Amino acid sequence: MTSLTPEQYKQKMQRRKEVQEQRVSQAALEKGLVIVNTGNGKGKTTAALGMVMRSLGHGYRVAIVQFIKGAWEPAEKAVFTKWGEQISFHALGEGFTWETQDRDRDIQKVYEAWNLALSYIRNPEFKLVLLDEVNVSLKLGYLKLEDLLTGLEEKPEDSHVILTGRGAPPELIERADLVTEMKMIKHPFREQGVRAQPGIEY
């Protein structure tokens, strides 16, 4: 890249600023979003929890319903309980399916989680609802896609729903307003045999 003189750089940044300000001024619409974090890379839940923190910081009420991961009792739950009634946190799964080895019970637990999640999705008092690992429940066939898509249509116009987990189906991606795919480049477990660590994975 050719180096710019200070004056050329200033002019370039001024043009960029004008373009950005024009884009922002034209984006006047506000609406509740359906957000999907998917892909094989790490960070889907972590990114969603960043949005949870922002929402809490704005004083909004938030609900988190964990599918699949429930047996872990993650450290996030310990942090979020300090927010009192502003947040509702439910870890309703019993771990990953290879641990339970009982498909019927897995389906039962997923629908318990889904019915609870749906009560939050419908509730206009909750600005943000996080359905953690729900995409895995869809991929495994524990939760019917049509039930999920129908439920999303019941959310108030100004509330947001985040759905995390690998393998988000195309129909959900099509319905979503914001989709991020996490791509794994390297992982210490796979390359080095480093086990999950507190503060990093849980």
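Conventions adopted
- Residues numbered from 1 in each chain as written.
- Predicted model: local features only at pLDDT ≥ 70, side-chain atom pairs only at ≥ 80, totals over all residues.
- Heavy atoms only, no water.
- Helix = DSSP H or I, 4+ residues; strand = E, 2+ residues; numbered from the N terminus.
- Polar contact = N/O pair within 3.5 Å; in protein donor to acceptor, adjacent residues only side chain to side chain.
- Contact = heavy atoms within 4.5 Å.
- Pairing = 2+ DSSP bridges.
- Axes fitted to C-alpha atoms, helices over the stretch in contact; angles between N-to-C directions.
- Buried < 20%, exposed > 50% of the residue type's maximum accessible area, 1.4 Å probe, protein only.
- Lys, Arg positive; Asp, Glu negative; His and termini not counted.
- Salt bridge = Lys/Arg side-chain N within 4 Å of Asp/Glu carboxyl O.
- Expected span 1.5 Å × (residues − 1).
- Arc of directions from axis to C-beta.

- In the nomenclature of an unreviewed UniProt entry, the protein is known as Cob(I)yrinic acid a,c-diamide adenosyltransferase of Okeania hirsuta.

1. Things to note about the side chain of Ser159
Here's step 1: Relative to the elements of secondary structure, Ser159 occurs in the loop between α7 (145-152) and β5 (160-164).
Here's step 2: Of note is the side chain of Ser159, whose polar atom sits 3.2 Å from the backbone oxygen of Pro156.
Here's step 3: Not counting chain neighbours up to four residues away, the residues in contact with Ser159 comprise Gly32, Leu33, Phe126 and Lys127.

2. Describing the sheet that holds strand β2 (residues 61-66)
Here's step 1: Spatially, six strands are ordered β3-β2-β4-β5-β1-β6 in an open sheet, and the strand pairing comes out parallel. Each of the sheet's edge strands pairs with one partner strand only, and the pair in question is β3 (87-91) and β6 (178-181). Pairs of neighbouring strands in the sheet enclose a mean axial angle of 10°, with direction left out of account.
Here's step 2: Where strand β4 (residues 126-132) lies against β5, four bridges are found, and the strand directions are parallel. Bridge pairing links Leu128 to His160 in β5.

3. Side note on the side chain of Asp106
Here's step 1: The residue Asp106 is located in helix α5 (residues 103-122) in this model.
Here's step 2: It is Arg105 that comes nearest to the buried, bridge-free Asp106 among opposite-charge side chains, at 6.7 Å.
Here's step 3: Polar contacts involving the side chain of Asp106 include one to the side chain of Tyr142, which spans 3.3 Å.

4. Regarding the pairing of β3
Here's step 1: Extensive coverage of β3 is indicated by the burial of four of its five residues.
Here's step 2: Relative to β3, β2 runs parallel, the two sharing five bridges. Across the sheet, the residue bridging to Val62 is Ile87, located in β3.

5. Side note on α5
Here's step 1: With 20 residues, α5 should reach 28 Å at 1.5 Å per residue; the first-to-last C-alpha distance of 28 Å fits that figure.
Here's step 2: Within α5, the full set of buried residues consists of Asp106, Lys109, Val110, Ala113, Trp114, Ala117, Leu118, Tyr120 and Ile121.

6. Brief notes about α7
Here's step 1: All of the buried residues along α7 are Leu145, Leu148, Gly151 and Leu152. Buried positions in α7, seen along its axis, are confined to an arc of 130° and lie on one side of it.
Here's step 2: Where α7 is buried, its residues meet β1 (34-38), α5, β4, α6 (134-139), β5 and α8 (170-175).

7. Some remarks on the pattern of salt bridges
Here's step 1: Within this structure, the stated rule accounts for six salt bridges.
Here's step 2: Taking the shortest distance from any N to any O, the salt bridge between Lys109 and Glu112 comes out at 3.3 Å. With Lys109 and Glu112 both in helix α5, this residue pair falls three residues apart, about one helical turn.
Here's step 3: The exposure class assigned to Lys109 is buried, which follows from its relative accessible area of 17%.
Here's step 4: Owing to a relative accessible area of 36%, Glu112 belongs among the partly exposed residues under this scheme.

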